[in-house]
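# Remarks on the overall topology
Chain by chain, the residues:
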Amino acid sequence: MIGLGEILKYEFVQRALLAGVLTAAVSSVLGVFLVLRRLSLIGDGLAHITFGSVAVVLLIGFSPLYVTVAALPLVMLSSLAILQLTRYKRIHGDAAIGIISSVGIAIGIILASFSGGYNVDLLSYLFGNILTVTQTELLLSFIVFIVVIGTVIFFYDDLFAVTFDEELAKSMGIKTKRINIILLLLTAVAAVLAMKVTGIMLVSALLIIPPLTALQLSFSFKTTIILSAVISIFSVINGIIFSFILNLPAGGTIVIFNVAFLLIIFGAKKILHLQR
Amino acid sequence: MSVNLISTENLTFCFNGVDALSNISFAVKKGDYVGIVGPNGSGKSTLIKNILGILQPQKGSISLFGQPLSSFRQWNKIGYLPQKLNALNTNFPGNVEEIVQLGLRNKNAQNLEQVLNLMGIKHLSSRLIGELSYGEQQRAMLAHALVSRPELLVFDEPTTALDPETRDIFYSLTEELNRAHGTTIVLITHDIGSIGKYARNLLYLDKKVIFAGTFEDFCTSPDMTGLFGPMSQHIICHQHDALESNP
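Below: a short report on this structure. The structure presented is a predicted model; accordingly, all values stated were derived computationally and were not measured. (Residues numbered from 1 in each chain as written. Chains lettered and ligands numbered in written order. Predicted model: local features only at pLDDT ≥ 70, side-chain atom pairs only at ≥ 80, totals over all residues.)

Let us look at the overall build of chain B. Check the secondary structure of chain B and you find ten helices and ten strands. Relative to its full complement of 247 residues, chain B shows a buried share of 37%. Across chain B, contacts joining residues at least 24 apart in sequence account for 67% of those joining residues at least 6 apart. (Helix = DSSP H or I, 4+ residues; strand = E, 2+ residues; numbered from the N terminus. Buried ≥ 20, exposed ≤ 12 C-beta atoms within 10 Å, placed from the backbone. Contact = placed C-beta atoms within 7 Å.)

Set out below in structure tokens:
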């Protein structure tokens, strides 16, 4: 069996690990705010939109090397459309996500049927392949990491207040509308980034599972965020290495590691509770 | 001249085309203790939410500390305790210390310790908010309302679900804040039997202003006698207390 030292010598593995760690950190931090605001499914919705956006970008003729960058504005616009739809009194958040994500998938399927030429490229985004991360995508991951973590630190107090209670936050003069837009735009960016790591089908796993695991162990809001990031990074590193050793798809392996951590924590809590 | 900390002019708020508040004009002066009362659905909470910028009125104007609401920025001068604590997410991972300082950009450790001691929850500071009893959560949220040492405190039905002893402690605290520290208090309540003991002014709402004035005026107003009946007015005004003490 191939050793860890040998695996780490490969440049593409180094790129994959770096991009994976950055993406895991970004998704898991944003995921805490989304899960607590019951917006978990927004990751799924935005991932579906990413599918449509990638189809548009590939049809226009962008090189697969720049698909991630090119799809970003379309996904960000769609996230704002979700927010706009929720302002209509009779459309709830989950329904708005449903509408926009269906449109994303529908566009993807229709455009895929136009040409068989890029079907293979498009389908590769559905399942992701972090081992094919390019230098450009790694650079994008790094920029996104700086922007997202920087924004979360700068708006931390406002994000925390809005997550606890939006009305209470408003009564303190916090611009809740602005905070909601920021959170959605950052999530859109994270979803596009995560597409390469887990594939469109599993993007929401990176946003939902690490925060859920961290919530089982938390004793403060700040520790929940830190724990979520640590668990996610650990799962991504293990997922990439084991997928390489066992010749498995990286996206699926990463998600299985995340779920395994969640189950271990659930089990440990149950045993400790029974012992008391 | 006393400053109006809150003032509304012809405030009208509609919900689904129906007036929830109609032409509300009233003012709260610095140092006042105002009770806002009225039946369910009379618009008490809606009025407060309009004043604090949570809801946008269709008509009328609102001023806070003499400034139009749109240009008001000194939100740390206002402490607010909302009504719907029972909707608090019990899985929320914030601890008491974090919740008390919620939304504050300038955190002050001394202020934090003082309010935690004042509310008797210092020993709970590292506990998660969702793990506390309703009364403890209420005290944590009250500590949050007080932590920035606000000049104006707005409470929306704060005594609902509190036991009588805790309710009395709460009212005594508001009275002390008002009398000793000059903090202006606006308190929405259904506890009409108690509010008159503490509030100097009363605003009776039923989608419009039914009565706005001093508690003494309320008790001697023939209009209010006509509206409530002599017995209810008698109970609200605690004239039965006087009868009990001077039989």
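Still more to cover.
All right, on to the packing of helix α3 (residues 42–60) of chain A against helix α11 (residues 203–217) of chain A then. Relative orientation and spacing of two packed helices are given, respectively, by the angle between their axes and the distance between those axes. Residues and elements named next belong to chain A. Contact geometry for α3 and α11: axes closest at 8 Å, N-to-C directions at 165°. Taken together, α3 and α11 sit at an angle that is classed as roughly antiparallel. Relative to α11, α3 is oriented so that their crossing is right-handed. Taken together, the residues of α11 that come into contact with α3 (itself represented by Gly 43, Asp 44 and Ala 47) are Val 203, Ser 204, Leu 207 and Ile 208. Looking at the contact of α3 with α11 residue by residue, the classes come out as four nonpolar, two polar and one charged. (Axes fitted to C-alpha atoms, helices over the stretch in contact; angles between N-to-C directions. Parallel < 35°, antiparallel > 145°, perpendicular 65-115°, else oblique. Left-handed = near helix turned anticlockwise from the far one by under 90°. Nonpolar A, V, L, I, M, F, W, Y, C, P; charged D, E, K, R; others polar.)

Looking down a regular strand, the side chains alternate between one sheet face and the other. All names here are of chain B. Relative to strand β2 (residues 18–29), strand β1 (residues 4–15) runs antiparallel, the two being bridged by eight bridges. Across the sheet, residue Ser 7 finds its bridge partner in β2, namely Ala 27. In textbook terms, the turn of a hairpin is the stretch between consecutive antiparallel strands, and for β1 and β2 this stretch comprises two residues, one of which, Asn 16, has a positive phi near 50°. Of the strand pairs in this sheet, β1 and strand β4 (residues 59–64) are connected by five bridges, and their pairing is antiparallel. Bridge assignment links Glu 9 to a residue of β4, and that residue is Ser 61. (Pairing = 2+ DSSP bridges.)

In this section: the nonpolar core. By size, the foremost hydrophobic cluster in this structure holds 146 residues, and its most contacted members are A:Val26, A:Val75, A:Val189, A:Ala191 and B:Ala143. Sort the elements by how many residues they give to this core and helix α2 (residues 11–36) of chain A lands first, with 14 residues. Discounting chain neighbours no more than four positions away, the residues touching A:Val189 are A:Leu72, A:Met76, A:Val144 and A:Val148. (Core = buried A, V, L, I, M, F, W, Y, C linked by C-beta atoms within 7 Å.)

We now examine the interface of chain A and chain B. Each side of the interface is counted separately: chain A has 20 residues, and chain B has 21 residues. Per-class residue counts for the side of chain A that touches chain B are eleven nonpolar, five polar and four charged.

Residue and element names in this part refer to chain B. Spatially, four strands are ordered β2-β1-β4-β5 in an open sheet, and the strand pairing comes out antiparallel. Every interior strand has two partners, whereas the edge strands, β2 and β5 (67–68), have only one. Across the sheet, helix α1 (residues 44–51) is in contact with β1, β2 and β4; its angle to β1 comes to roughly 115°.

Residue and element names in this part refer to chain B. In terms of burial, strand β8 (residues 184–188) is largely enclosed, as five of its five residues are buried. The two faces of β8 match: Thr 184, Val 186 and Ile 188 on one face and Ile 185 and Leu 187 on the other face are all buried. Inspection of the sheet shows strand β3 (residues 33–37) paired to β8 by four bridges, in the parallel sense. Note that in β8 the partner of Tyr 33 across the bridge is Ile 185. Pairing between strand β7 (residues 152–156) and β8: five bridges, direction parallel. Of the residues in β8, the one forming a bridge with Leu 153 is Ile 185.

Let us now look at the sheet that holds β7(B). Residue and element names in this part refer to chain B. The six strands lie next to each other as β6-β7-β8-β3-β9-β10, forming an open sheet whose pairing is mixed. One side of each edge strand has no neighbouring strand; the edge strands of this open sheet are β6 (78–81) and β10 (209–214). The mean inter-strand angle of the sheet, taken between neighbouring strand axes irrespective of direction, is 10°. In terms of strand pairing, strand β9 (residues 201–205) meets β10 through five bridges, oriented antiparallel. From the neighbouring strand, Asn 201 faces β10, where its bridge partner is Thr 214.

Here the phi dihedral of A:Asn247 falls at roughly 55°; this positive angle occurs in a residue that is not glycine. Within the fold, A:Asn247 resides in the loop between α12 (221–246) and α13 (250–275). Among the residues examined, A:Asn247 registers 6 C-beta atoms within 10 Å and is labelled exposed. In the Ramachandran plot, B:Asn23 falls in the positive-phi region, its phi being about 50° despite a non-glycine side chain.

The next point concerns the packing of helix α4 (residues 67–86) of chain A against helix α10 (residues 176–198) of chain A. Residues and elements named next belong to chain A. Following both chains from N to C, one finds α4 and α10 inclined at 140°, their axes separated by 9 Å at the closest point. By the criterion of interaxial angle, the relationship of α4 to α10 is oblique. Like other packed secondary-structure pairs, α4 and α10 cross with a definite hand, here right-handed. Residues Thr 68, Ala 71, Leu 72, Val 75, Met 76, Ser 79, Leu 80, Ile 82 and Leu 83 of α4 lie in contact with α10, whose contacting residues are Asn 180, Ile 181, Leu 184, Leu 185, Thr 187, Ala 188, Val 189, Ala 191, Val 192 and Lys 196. Here the contact of α4 with α10 is built from residues that sort into 14 nonpolar, four polar and one charged.

Residues and elements named next belong to chain A. With respect to the helices and strands, the residue Val 35 is situated in helix α2. Remark: the alpha-carbon pair of Val 35 and Thr 176, spanning 141 residues in sequence, is separated by 17 Å. Filtering out sequence-adjacent residues up to four positions away, Val 35 remains in contact with Ser 40, Ile 208, Pro 211 and Leu 212.

This next bit is on α3(A). With 19 residues, α3(A) extends 27 Å from end C-alpha to end C-alpha; this agrees with the ideal 27 Å at 1.5 Å per step. Counting buried residues along α3(A), 16 of its 19 residues qualify, which places the element largely inside the surrounding structure. (Expected span 1.5 Å × (residues − 1).)

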